[in-house]
Amino acid sequence: MDVLDEKMNGGPPMEIIDDVVSVRDHEAFAAKHLPELGHDVKDFQVYTWRLTNWKKLEKKITSPEFECGGHKWRILLFPFGNSNAPPNDTVSVYLDYAEPKKSPEGWHACAQFALVISNIHDPTIYTVSHAHHRFIAEECDWGFTRFSELRKLFNVQEGFLRPTIEEESADVTVYVRVLEDPTGVLWHNFVNYDSKKETGYVGLKNQGATCYMNSLLQSLYCTRYFRKAVYQIPTEDEHPTESVSLALQRVFYHLQTSDQPVGTTELTKSFGWKSNDSFYQHDVQEFNRVLQDNLESKMKGTKAEGAIAKLFVGKMKSYIKCVNVDYESSKIEEFKGTPSSCRSDIQLNVKGMKNLYESFRYYVAEETMEGENKYQAEGFGLQDAKKGIIFESFPPVLHLQLKRFEYDIQRDAMVKINDRHEFPFEIDLAEFIDEASPVRSESWLYRLCGVLVHSGDVNGGHYFALIKPDRETRWLKFDDDRVTPVTDREVLEENYGGEALNGLYPVQRNQLRTIKRFTNAYMLVYVRDAMIDEVLAPFKEEDTPTHLKRRLDEERLQLEAKRREREEQHLFLTARVITDDTFARYEGFDLATFDEKNWPQSDLPTFRVLKQETYSVFKSRVAAHFDIPDNKVRLWVLVNRQNKTVRPDTPIPENEPSLTVEVIRHNMAVRQNDLRLYLDIIPDPSKPDPPPGHIMIFLKHFDTTKQSLLGVGKVYVSRNSKVQDLHPIINERMRWAPGTPLRLYEEIKPGMIEAMKAKSTFAQSEIQDGDIICFQVEQAEKELHDLEIQGLYSNPTQFYDFLQNRVMIFFRPKNEEPDSEHPEFSLVLSKKHNYDTMSQRVGEYLRHEPIKLRFTTTHAANGAAKAVLKRSLNQSIADFMGTNYVNPTTTVILYEKLDVSIVELETKRSLKIIWTGIQNREEASIPFLLPKTSMIHDLAEHLTKFVTLTAGGTGKIRVFEISKDGKAQREFTGSEMIGNIPDPVELFAEEIPREELEASEVDKVINVFHFHKEVSRAHGVPFRFVVKPQERFVDTKKRLQARLGVSDKEFSKFRFALIQAATFKQPSYIEDEDTIYDHKFAPEDCLGLDHVDRSGKARLGAAEKAIVIRG
């Protein structure tokens, strides 16, 4: 039995101290002590159990059974506490499911209950506690381990005349409500929950902060017409981590066929994202727009072309209609029912709006143009007019964005709008269709098919989706890797926002406190009822591309094979084989590297061997692999010696054919999980054994010219022969002239490489099987001295020291994407090398002056920049490598190619100024290196030497930054010290136009910025512009065109909008007859130029990171 505490569910025991209610008044008692949980009640029962002789009761007792909701229950009581630890001074009481083993498999019962101990004479004296629980086979009792202290039950409590337990008797009563569970997951703990089995759908894994992406992908996946269109993009010859189309097809196919949650790592890699991008929570609407733009471009010229437009594109008309004369100016343009590349998007206000109908009505509400704001109607002069938007048609699928996130001027920050905003299962949008539209008479009834929900605040939170995949399927909640059924209440009421009544905590009788809800809908998916059978048509087998099925089925078989391999791993061991070839290519200690901390393992031939395989069979496999006759193969087992070397120790005996590889590992390679072997090829099979008294020695050659140390095979020598007897053998093997003088060293262990005495025997030198002797040609002292002057190694001892301290350092450009000018590369260096040596080596690789390189260390976990390395400290590589617990073989250092010496940088500030001239164009990026004490006006003065100012112009330069939202300049006064400007900084400078400098008192100077389709998608550089009284916008445009120096053809594509920070309406697009001077400009208001971004330098709002999908 589970020992559970009341703290797990429900509140603490509550003494009756206010309204007097009798335990026997079931209706009143339940109203007071069983708070409303918002679920339908299936059955309600009260059962009372009279107990006498309390002090003589057994340690554990159960009541007779009673029935409620089709289940049998009983009370489980521990009169002296359910605790093995004395003192047993509490009462423990539980509601117990009576016959769990007799119930059908997978049974459950959701019950809300109150357990009461009361006085047998006065039922208004009692102790009570309530809880709710999902009773299942693993948790078939639930209640209160510390229900009450015994002394409180036996003694009269303050305000009462009797104790609860009187005459050693008491009533134990349980109130039980068995609740309906329409979804089957009420209060589920989700242990062993199977989404596919319960709902037919599977979830998506969260990579860190990708729940926003998962919720949208599930919505798009369930829009079956969209899924079919994605499948029609040709991807046969593409790679999933480089093609968004293929990666998305694969995600969709796995969602169709898998019974486990599906990963999205491949998809985000195809976007060109790095691992840390998955921990950044992007804006869903922006992500949707970028993804669909990418897919739309891939669909061009394919069967799927036009599919996205067919699904999501509608038409709207913007108009100005005169009140007193018959004149109307209007324009019809396309919009998407999702953020897109179309002209307009439907983003509906939540603030101040009661429901979706009100939001739509506000969206199309007419604005009256009168008084100072009259409309200049062509041929009629200034007229009172109505300005507004009306829909010509809606698309089959509407993605309605609810404006839950808005900019708050007072706080100068984005805030989340948690106000209550209701939306229906069905909405008729006919009233928002233009009366003159030819499709007005059609049915414009839409059905809710998806609700994308955000839980949290503006700084972060969690996203999930509620989706109804078709007419027949019930509503489902897609919450990352879990899919569960939900009720209508969970779809609508719980996502309206506003304040919720919380029934769990009664403040006073019949009064419940309200709690602000931070979970609410931010995007609604409506599908037109007349087209729902086409948009959500059943998915057929032929809708999935055959190449995709074939490719993924093959991968699934491979994964299945790998899974079986992992499951059977305990039956196998791995044998890695060193050969004379691998030894000849190997540079390092021993014969190969197996588990060195700072160096990767050697690439050796590897065999997966069944542990019970006999040695003779295994040996035959090895011989066949290397194409060598069986009788020429002898295998030696490598062992870990006490001096931490790994050497061949003993050949495997050939005279025991039934010996298994597991026995060999157990007996000959103690404390090793796998086998490490050396393949010894026998020259003459008629003489398989080495001559008696001989030992096997491995030779390595240290070449001072090549600065290399490589294996040159093995030799058998007599223990009693002398070390110098190796000289002729080596000279012959190396094809050197007889008598070439040599120096020999023994590789004893890392850090211990000793010269050998030529006249000592191998036995005297304590040489044994598997030992390694290194040799070099003897050279004159002058030659050795010359090597050391060049920074080269003159003997094996020095070179072995380098090997012991060598590390592979990976270098990446800090501020650029890797390319031919800024490559990614790796260098092998010694941990003893200092900063200057590293800088020298990197400089040689990059062909860049070492003194003009700056290095930054990185965080091991995510590769992000950590700290700039200071040359003045002259640290060794070991000092700034630090301890890398994540992957000890990888150290990444970022580099910057500078135009100036890093020595100068210590006293000077390096800055780049982007010069935009007089016509707001990024003409040049000019670097400066100035003393940190220089002022901004000094910088402007230096700038005049590098730029050409307009003849007859003002000759004045403005230096500025751009505001975080990209809409305005932040001008420097000129007296700021450049050393105090925070880093990083992007500085701009422009020539101040004469028009601005000579503006009259009545003129207004306003901010102008560039954007494309959405105000949040600012680009280019904002500028200042003079607007004049009584000037029609058609004339203002001419001055704007002159200010920007744009051709007539290009300027004709510009649209112009008034962006008001103080209102939450869409941008107001300006007509030629408008006079923008008459607008009462607030400081944050500005003029927006809506045109295509040809700079490729989009700017986003404060703290927002651009979403880029490259694949």
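If you're wondering where the values come from, they're calculated on a predicted model, not measured in any experiment. Throughout this document, residue positions are counted from 1 along each chain, in the order its sequence is written. Under the rules for a predicted model, residues below a pLDDT of 70 receive no local features and side-chain atom pairs below 80 are neither given nor counted, while totals for whole chains, interfaces and linings still include all residues. Values shown for side chains rest on all heavy atoms present in the structure; no hydrogens or waters enter the calculation.

Caption draft 1: View of the packing of aromatic side chains. Put simply, two rings from Phe, Tyr or Trp (the six-membered ring, in Trp's case) pair if the centres are within 6.5 Å, and we call them stacked under 30 degrees between planes, edge-to-face over 60, tilted for the rest. Counted under the stated rule, the structure contains 54 aromatic pairs. Aromatic side chains Tyr201 and Phe478 sit 5.8 Å apart centroid to centroid with 85° between the ring planes, which places their arrangement in the edge-to-face category. Note that Tyr201 is positioned in the loop between α3 (195-199) and α4 (211-222) and Phe478 in strand β25 (residues 476-479), a separation of 277 residues in sequence. Pair check on accessibility: Tyr201 and Phe478 agree, each one buried. A ring pair is formed by Phe360 and Phe391, whose centres lie 6.2 Å apart and whose planes are at 70°; its orientation type is edge-to-face. Of the two residues, Phe360 is situated in helix α10 (residues 356-363) and Phe391 in strand β18 (residues 385-393); the sequence distance between them amounts to 31 residues. Across the pair, exposure class does not vary: Phe360 and Phe391 are buried alike. Pairwise contacts between aromatic rings join Phe335, Phe360, Tyr363, Phe391, Phe394, Phe432, Trp444 and Tyr446 into one cluster. Looking at Lys55, its charged tip hangs above the ring of Phe154, at a distance of 5.2 Å from the centre. Segments assigned H or I by DSSP are reported as helices when at least four residues long, segments assigned E as strands when at least two residues long, and all are numbered from the N terminus. Whether a residue is buried, partly exposed or exposed follows from its accessible area with a 1.4 Å probe, protein chains only, as a fraction of its type maximum: under 20%, in between, or over 50%, in that order. Look at NZ for Lys and CZ for Arg. If either is within 6 Å of the ring centre and within 35 degrees of the ring normal, a charge sits over the ring.

Caption draft 2: View of the environment of Asn495. With respect to the element layout, Asn495 can be found in the loop between α11 (488-491) and β27 (499-508). Given a relative accessible area of 2%, Asn495 falls into the buried group. Contacts were defined at the residue level, with two residues in contact if any of their heavy atoms lie within 4.5 Å. Not counting chain neighbours up to four residues away, the residues in contact with Asn495 comprise Arg404, Phe423, Val453, Phe464, Leu466, Glu490, Thr519, Asn520 and Ala521.

Caption draft 3: Quick peek at the environment of Glu168. Mapped onto the fold, Glu168 is located in the loop between α2 (150-154) and β10 (170-179). Separated by 508 residues in the primary sequence, Glu168 and Arg676 have C-alpha atoms spaced 77 Å apart. With near-sequence residues (within four places) excluded, Glu168 lies in contact with Leu51, Thr52, Asn53, Trp54, Lys55 and Lys56.

Caption draft 4: Region of interest: the pairing of strand β39 (residues 771-777). With six of seven residues buried, β39 is to be regarded as a mostly interior element. Note: two strands are recorded as paired if DSSP finds a minimum of 2 bridges between them. As paired strands, strand β35 (residues 694-703) and β39 are joined by five bridges and run parallel to one another. Residue pairing across strands places Ile697 opposite Asp771, the latter belonging to β39. Strand direction decides the pairing type here: strand β37 (residues 742-749) and β39, joined by five bridges, are antiparallel. The partner of Leu744 across the bridge, within β39, is Phe775.

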